[in-house]
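# A structural walkthrough
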Amino acid sequence: MHMIANWKMNMTRGEIASYLDVLSGDDRWQAWKERGIRLFIAPPYPYLDFLGSQIRSRNLPFGVLAQNMCAFEKGAYTGEVSGAMLRDLGVEGVLLGHSERRQYFGETDAAVAEKTTRALSMGLMPVVCFGETWEEREAGRCTEVWNRQIEPVRERIVKARGEGTGTPVNWAYEPVWAIGTGRTAVLENIREVSSHLRKNFGDEVASGLLYGGSVNDESVSGLWEKGTVHGFLVGTAFLEPKCVLRVFDRLFGCP
Ligand code: PGA
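These notes cover the structure that comes with them. Keep in mind it's a predicted model, so treat the numbers as computed, not measured.

Time to look at the overall build of the chain. Of the regular secondary structure elements, the chain holds 12 helices and 8 strands. Scaling as 2.2 N^0.38, a compact globule of 255 residues should have a C-alpha radius of gyration of about 18 Å, and the chain matches this with 17 Å. Looking at the chain residue by residue over its 255 residues, the buried ones come to 53%. When contacts within the chain are restricted to residue pairs at least 6 apart in sequence, long-range pairs at least 24 apart make up 74% of them. Approximately 11,500 Å² of the chain is accessible, and the part contributed by carbon and sulfur atoms is 50%. Between the mean site of the 29 positive side-chain charges and the mean site of the 32 negative ones, the chain shows a separation of 2 Å.

This brings us to the sheet that holds strand β7 (residues 209-212). Sheet architecture is closed into a barrel: 8 strands sit in the order β1-β2-β3-β4-β5-β6-β7-β8, paired in parallel fashion. Here the strands of the sheet are splayed against their neighbours by 25° on average, with no regard to which way each runs. Examined bridge by bridge, strand β1 (residues 2-6) and strand β8 (residues 231-234) share 4 bridges and lie parallel to one another. Of the residues in β8, the one forming a bridge with A5 is V234. Of the strands in this sheet, β5 (125-130), β6 (170-173) and β7 touch helix α9 (residues 187-201), which is tilted by about 150° from β7.

Burial along strand β4 (residues 93-96) is two-sided: G93 and L95 and V94 and L96, pointing in opposite directions, are all buried. Traced from strand β3 (residues 63-66) through helix α4 (residues 83-88) to β4, the parallel crossover comes out right-handed. When β4 meets β5, the two strands line up parallel, connected through 4 bridges. Bridging across to β5, L96 finds its partner in V128.

Turning our eyes to something else, we now look at the pattern of salt bridges. For the coordinates displayed, the defined rule picks out 16 salt bridges. Across the salt bridge formed by R191 and E188, the nearest N and O atoms sit 2.9 Å from each other. Remark: E188 and R191 occur in helix α9; sequence separation between them is 3 residues, near one turn of the helix. Take E188: its relative accessible area is 46%, and that puts it in the partly exposed class.

Around the ligand, 13 residues are found, and the nearest of them are K8, H98, G180, S214 and T236. Between S214 and the ligand, the recorded distance is 2.7 Å, taken from a backbone N or O atom to an oxygen atom. In the complex, 99% of the free accessible area of the ligand, which totals 280 Å², lies under the protein chains. Along the lines of polarity and charge, the residues of the shell around the ligand split into 4 nonpolar, 7 polar and 2 charged.

Moving on to the packing of helix α1 (residues 13-23) against helix α12 (residues 241-252). For the pair α1 and α12, interaxial distance at closest approach is 8 Å and the crossing angle is 30°. Of the two elements, α1 crosses α12, and the hand of that crossing is right-handed. Two secondary-structure elements touch here, α1 through Y19, V22 and L23 and α12 through P241, K242, V244 and L245.

Within the element layout of this structure, V247 appears in helix α12. Separated by 105 residues in the primary sequence, V247 and C142 have C-alpha atoms spaced 29 Å apart.

Moving on: the packing of aromatic side chains. Under the defined criterion, the tally for this structure stands at 12 aromatic pairs. Between W29 and F248, the aromatic rings sit 4.8 Å apart at their centres with planes inclined by 70°, giving edge-to-face as the arrangement. In this pair, W29 sits in helix α2 (residues 28-34) while F248 sits in helix α12, placing the two residues 219 residues apart along the sequence. Accessibility expressed as a relative area gives 0% for F248, which makes it buried. Ring geometry for F130 against Y173: centres 5.7 Å apart, planes inclined by 40°, an arrangement best described as tilted. Here F130, found in strand β5, pairs with Y173, found in strand β6; they are 43 residues apart in sequence, far enough to count as distant. No difference in accessibility class separates F130 from Y173, as the two residues are buried. Grouped by ring-pair contacts, the aromatic residues W29, W32, F62, F248 and F252 constitute a single cluster. Of note, R183 hangs over the ring of W134, and the distance from its end group to the ring centre comes to 4.0 Å.

Calculation notes
- Residues numbered from 1 in each chain as written.
- Predicted model: local features only at pLDDT ≥ 70, side-chain atom pairs only at ≥ 80, totals over all residues.
- Heavy atoms only, no water.
- Helix = DSSP H or I, 4+ residues; strand = E, 2+ residues; numbered from the N terminus.
- Rg over C-alpha atoms; globule rule 2.2 N^0.38 Å.
- Buried < 20%, exposed > 50% of the residue type's maximum accessible area, 1.4 Å probe, protein only.
- Contact = heavy atoms within 4.5 Å.
- Areas by Shrake-Rupley, 256 points an atom, 1.4 Å probe, with all protein chains shown as cover.
- Lys, Arg positive; Asp, Glu negative; His and termini not counted.
- Charge placed at Lys NZ, Arg CZ, Asp CG, Glu CD.
- Pairing = 2+ DSSP bridges.
- Axes fitted to C-alpha atoms, helices over the stretch in contact; angles between N-to-C directions.
- Right-handed = clockwise from strand over helix to strand, strands pointing away.
- Salt bridge = Lys/Arg side-chain N within 4 Å of Asp/Glu carboxyl O.
- Near = heavy atom within 4 Å.
- Polar contact = N/O pair within 3.5 Å; in protein donor to acceptor, adjacent residues only side chain to side chain.
- Nonpolar A, V, L, I, M, F, W, Y, C, P; charged D, E, K, R; others polar.
- Left-handed = near helix turned anticlockwise from the far one by under 90°.
- Phe/Tyr/Trp six-rings, centres within 6.5 Å; stacked < 30°, edge-to-face > 60°.
- Lys NZ or Arg CZ within 6 Å of the ring centre and 35° of its normal.

So this is what it looks like as structure tokens:
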């Protein structure tokens, strides 16, 4: 299970240190990790290094993810951050194609595919986000949208696998209408996605399915089903470390 805190454009150094203080102090994280359950935190770029060192100094088994990366290898791309830089900072993976990147920064399906290829070549675990808007759902276009977002990325993964890449890939179903709105999907929606993925893209894709969109300690138990959901991507609720603890306790119990 991958439990991912997507901090988006939030947190500064003092807040990061206090956040980790709330989560430190006993070894339940190690016990959860031994059961294959792990917390990943995706901070803004400037704090990747700081977060990594704060995690290490507290002996916490958390992973660090980036929220984005550049598809190009290196060079004259002002304002961008490369996969090699992320690796250099000890980052384990990267969120790609988040709906906020698509909506506010014009990220296309083709760009997400390019970035996936680059991430895999650098050994960074991609967490590829996809999901429909409410209008698309109302118009009965969900599967068309999912296919459009997944297919180009899937092709790149198949190619990378053929070239020997074993880096795992996760897929985060994040219906746009559920992100930051307080309105969550229901388990039936996620089951529908899971079976669509299994039928159209195979077991490897379906077995990396995460869910994101207004997940919190109240909603999480009803959204989880073994074999269907392999983790959660959580924004707002995981800005609050006590909520991280409540979600872990609800889903996995005290180890
Ligand atoms: P949310 O964000 O939990 O605030 O809905 C989830 C996400 O965007 O990854």
